[in-house]
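# Architecture at a glance
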Amino acid sequence: MPGNEEWDNLQHIVANHKASMMIWEGQPSDEIKAKVKDIQLPYTVFNPCANKPDKGDFMDVRNQNVEWITALVDPY
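Anyway, here's the lowdown on the structure attached to this text. (Residues numbered from 1 in each chain as written. Predicted model: local features only at pLDDT ≥ 70, side-chain atom pairs only at ≥ 80, totals over all residues. Heavy atoms only, no water.)

### Some details on the side chain of Asn65
- Take Asn65: it is sitting in helix α3 (residues 58-73).
- What Asn65 contacts, discounting residues up to four positions off in sequence, is Val45, Phe46 and Asn47. (Helix = DSSP H or I, 4+ residues; strand = E, 2+ residues; numbered from the N terminus. Contact = heavy atoms within 4.5 Å.)

In structure tokens, the structure reads:
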């Protein structure tokens, strides 16, 4: 878990650089999700699929990534 200084730095970056989303390569913890929500920075997961997934294959992971990003960018 990043410390308060790192969270303050991220909040400064978001406020000054028009960041539109945080991208994670795996599901963040509930504690981190809450902190990102406090900063009002939407997030999504983009799994790079560096290893064989537990279920399915690379294309299944890719399709899930597309769904997650589409839901964030175009929620309607």
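### Considering the side chain of Thr44
- Along the chain, Thr44 falls in strand β2 (residues 43-45).
- Judged by its relative accessible area of 4%, Thr44 is buried.
- Of the polar contacts made by the side chain of Thr44, one reaches the backbone oxygen of Trp68; its length is 3.4 Å.
- Sequence-distant contacts of Thr44, defined by excluding residues within four places in its chain, comprise Met21, Met22, Ile23, Trp24, Trp68, Ile69 and Leu72. (Buried < 20%, exposed > 50% of the residue type's maximum accessible area, 1.4 Å probe, protein only. Polar contact = N/O pair within 3.5 Å; in protein donor to acceptor, adjacent residues only side chain to side chain.)

### As for the pattern of salt bridges
- Using the criterion set out here, one finds one salt bridge in the structure.
- A salt bridge links Asp30 to Lys33, with the nearest nitrogen and oxygen atoms 3.9 Å apart. Taken together, the positions of Asp30 and Lys33, both in helix α2 (residues 30-38) and three residues apart, correspond to about one turn of that helix.
- When its relative accessible area of 62% is taken as the criterion, Asp30 is described as exposed.
- Judged by relative accessible area, which is 27%, Lys33 ranks as partly exposed. (Salt bridge = Lys/Arg side-chain N within 4 Å of Asp/Glu carboxyl O.)

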